[in-house]
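# Tertiary structure, described
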Amino acid sequence: GVILYHHPLQVYYSESYNGSKNPPDCLSNDGVTGVGNPGGTCARCPLNQFGTGANGGKACKSKRRLFVLKPGEVLPLVLTLPIGSLKEFSAYVKRLLSRGLKTCMVASRFSLKKATNAGGIVFSQAQFALDRRLTPEELGPVESMAAQIRTYAAQVRYEDEIVSDAEINPFTGEILELDPTTIQ
């Protein structure tokens, strides 16, 4: 798919994940300013410091929201990457930028790799690869749609994101259950 747009998120839940789809207590759609409780500037928030969450992590979780246009579809899929996939995504974006490319100029391949955190918990880590550059005929409409998505992105609520083929723990961002036949 084509990553039309991506932006940082900060998400804080005051209570541990219990299986419900409760909204976060505090959310930052830009990774800078949180709205809710406690709200305010994310960089200065005590909940955004290592050691405030489980296993020495941060109580407020860093994430990245991607808007991905899949082949043959007219509306993008909203995908939120958990902290465990951010390093891989950043490395992919840097590889593209070093070639003079933006994410909306290429078709990207997505896959999952099993990883284990410091606490011994196994999780799925997103992997990214360049599939192909878009043709000049494809670039015009895609860049137009990417501009529209940039405007729309701030209005997408975190709790409204839909994952049709996977069950996601919104507190950790881990993929709990996924039908591998649906991954393209």
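Residues numbered from 1 in each chain as written. Predicted model: local features only at pLDDT ≥ 70, side-chain atom pairs only at ≥ 80, totals over all residues. Heavy atoms only, no water.

## Quick word on the overall build of the chain
Spelled out, the test is: A helix here means a DSSP run of H or I that spans at least four residues, while a strand means a run of E at least two residues long, and both kinds are numbered starting from the N terminus. Type-normalised accessible area, obtained with a 1.4 Å probe on protein chains alone, sets the label of each residue: buried when under 20%, exposed when over 50%, and partly exposed for intermediate values. The contact criterion used is simple: two residues touch if any of their non-hydrogen atoms lie within 4.5 Å. The protein chains shown are the only cover counted for residues, whose accessible areas, like all others here, come from Shrake-Rupley with a 1.4 Å probe.
Of regular secondary structure, the chain possesses two helices and 10 strands. Scanning the chain from its N terminus toward the C terminus, one meets helices and strands in the order β-β-β-β-β-β-α-β-β-α-β-β. Relative to its 184 residues, the chain shows a buried fraction of 37%. Considering only residue pairs separated by 6 or more positions, the chain has 54% of its internal contacts joining residues 24 or more positions apart. As displayed, the chain has an accessible area near 10600 Å², and 55% of this comes from carbon and sulfur atoms.

## Here's the deal with the pattern of salt bridges
Any two side chains of opposite charge can pair, on the condition that their charged atoms come close. Condition: What counts as a salt bridge is simple: a side-chain nitrogen of Lys or Arg found within 4 Å of a carboxyl oxygen of Asp or Glu.
Tallied over the entire structure, the rule returns two salt bridges. Ionic pairing is found between Asp131 and Arg109, a salt bridge with its closest N-O pair at 3.3 Å. Residue Asp131 is found in strand β8 (residues 122–133), and its partner Arg109 is found in strand β7 (residues 106–116); the two are separated by 22 residues along the sequence. Arg109 gets classed as partly exposed once you look at its relative accessible area, which sits at 44%. Here Glu138 makes a salt bridge to Arg132, at a shortest N to O gap of 2.8 Å. The class of Arg132 is partly exposed, set by a relative accessible area of 35%.

## What about the pairing of β8?
So the rule is basically this: Strands pair, by our definition, only if DSSP identifies at least two bridges between them.
Bridging between β7 and β8 involves 11 bridges; their strand directions are antiparallel. Bridge pairing in β8 links Ser108 to Leu130. In this antiparallel pair of consecutive strands, β7 and β8, the connection spans five residues, and Gly120 shows a positive phi of 85 degrees.

## Some thoughts on the packing of aromatic side chains
What counts is decided by this rule: Pairing of aromatic rings covers Phe, Tyr and the six-membered ring of Trp, with a centre-to-centre limit of 6.5 Å; geometry is then stacked below 30 degrees between planes, edge-to-face above 60, and tilted otherwise. Geometrically, a charge over a ring is one whose NZ (Lys) or CZ (Arg) sits within 6 Å of the ring centre while staying within 35 degrees of the ring normal.
Within the structure shown, the criterion is met by five aromatic pairs. Ring centres 5.9 Å apart and planes at 20 degrees place the aromatic pair Tyr92 and Phe128 in the stacked group. Within this pair, whereas Tyr92 is found in helix α1 (residues 83–98), its partner Phe128 is found in strand β8, the two being separated by 36 residues in sequence. Judged by relative accessible area, which is 2%, Tyr92 ranks as buried. Through a chain of ring-to-ring contacts, the aromatic side chains of Phe89, Tyr92, Phe110 and Phe128 assemble into a single cluster. Between Lys58 and the ring centre of Phe50, over which it is positioned, the NZ or CZ distance is 5.7 Å.

## Details of the side chain of Arg65
The condition is simple: Think of a polar contact as two N or O atoms within 3.5 Å of one another; within protein, one of them needs to be a possible hydrogen donor and the other a possible acceptor, and neighboring residues in sequence only count if both atoms come from side chains.
By secondary structure assignment, the location of Arg65 is in strand β5 (residues 60–69). Judged by its relative accessible area of 0%, Arg65 falls in the buried class. A polar contact is formed between the side chain of Arg65 and the side chain of Asn29, at a distance of 3.2 Å.

## Some remarks on the confidence of the model for the chain
In plain terms, the rule: Per-residue confidence from the predictor is reported as pLDDT, a score between 0 and 100.
Looking at the chain, pLDDT values average 84 and 83% of them are 70 or higher. Within the chain, α1 carries the highest mean pLDDT (95), whereas strand β10 (residues 175–178) carries the lowest (45). This stretch, residues 162–168, has a pLDDT under 50; its non-local contacts, to residues over four places away or in other chains, come to 19 contacts. Between residues 170–184, whose pLDDT stays under 50, and residues either more than four places distant or in other chains, the model counts 43 contacts.

## A look at the pairing of strand β3 (residues 33–36)
Here strand β2 (residues 26–28) pairs with β3 via two bridges, running antiparallel. Its bridge partner lying in β3, Leu27 is registered against Val35. Two successive antiparallel strands, β2 and β3, enclose a turn made up of four residues, where Gly31 displays a positive phi of approximately 75 degrees. If you look at the hairpin formed by β3 and strand β4 (residues 40–41), you'll find three residues sitting between the two strands, and Gly39 has a positive phi there, around 70 degrees.

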